[in-house]
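Each chain, written out:
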Amino acid sequence: MVILRAVDWVLDHAVGLSALALGVLVIVGVAVAAIRGIVLYRVARRAQRRVGEYVAVLSAEAERAQTAMARVTQEQADLAREVESLRARLALAQILARHAGRAVAVLRAPMRYLGR
């Protein structure tokens, strides 16, 4: 009859026992979720550090590449200026050569008339 009293007590307090069981299950579920959340936070933080290192390396490489591109652009501009300078010098040399050729022709003109 002791068993019947226990069963009667459970049947009499079914709502309270259900609430208690639900509370225990909710607390256990929240505890498991909190523990998994902490583990997830630690994994994410570790991954973030690792990604941060890669980002730092990539940023340094990008900075080096940008510096190299600036240097190449500067060298290109220098080359363009040098080519323009050479073109101007070539034009001047062509003018001088033309005038020198005419001067030589003028200086040789009397020799044509003298027969030499």
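Please refer to the structure higher up on the page.
Student: What's the story with a positive patch on the surface in this structure? I'm lost.
Tutor: Residues Arg-42, Arg-45, Arg-46, Arg-49 and Arg-50 make up a contiguous surface patch of positive charge. You can see Arg-42 is positioned in helix α2 (residues 14-114). Judged by its relative accessible area of 48%, Arg-42 is partly exposed.

Student: How do you make sense of α2 when you look at a structure like this?
Tutor: Side chains that are three or four residues apart share a direction in an α-helix, a result of its 3.6 residues per turn. Here α2 contains 101 residues, and its C-alpha end-to-end distance of 144 Å stays within 8% of the 150 Å for a straight helix at 1.5 Å per residue. Where α2 bends most, at Arg-108, the angle is about 30°, and the proline Pro-110 comes one to four residues later.

Student: What should I look at first to understand the pattern of salt bridges in this one?
Tutor: As a working rule, side chains carrying opposite charge can pair if their charged atoms are close by. Per the stated rule, a full pass over the model turns up three salt bridges. Of the charged contacts in the structure, one is a salt bridge between Arg-64 and Glu-61, with a shortest N-O distance of 2.3 Å. Of this pair, Arg-64 and Glu-61 are both found in helix α2, three residues apart, which corresponds to roughly one turn of the helix. For Glu-84, the salt bridge identified is with Arg-87, shortest N-O distance 4.0 Å. Residue Glu-84 and its partner Arg-87 are located together in helix α2, separated by three residues, close to a single helical turn. Overall, the relative accessible area of 49% leaves Glu-84 in the partly exposed class. Classification of Arg-87 as exposed rests on a relative accessible area of 53%.

So, how was this worked out
Residues numbered from 1 in each chain as written. Predicted model: local features only at pLDDT ≥ 70, side-chain atom pairs only at ≥ 80, totals over all residues. Heavy atoms only, no water. Patch = residues over 30% accessible without salt bridge, like charges linked within 9 Å, V, L, I, M, F, W, Y side chains within 5 Å. Areas by Shrake-Rupley, 256 points an atom, 1.4 Å probe, with all protein chains shown as cover. Salt bridge = Lys/Arg side-chain N within 4 Å of Asp/Glu carboxyl O. Lys, Arg positive; Asp, Glu negative; His and termini not counted. Charge placed at Lys NZ, Arg CZ, Asp CG, Glu CD. Helix = DSSP H or I, 4+ residues; strand = E, 2+ residues; numbered from the N terminus. Buried < 20%, exposed > 50% of the residue type's maximum accessible area, 1.4 Å probe, protein only. Expected span 1.5 Å × (residues − 1). Bend = angle between axes of the 7 residues up to and from the residue.

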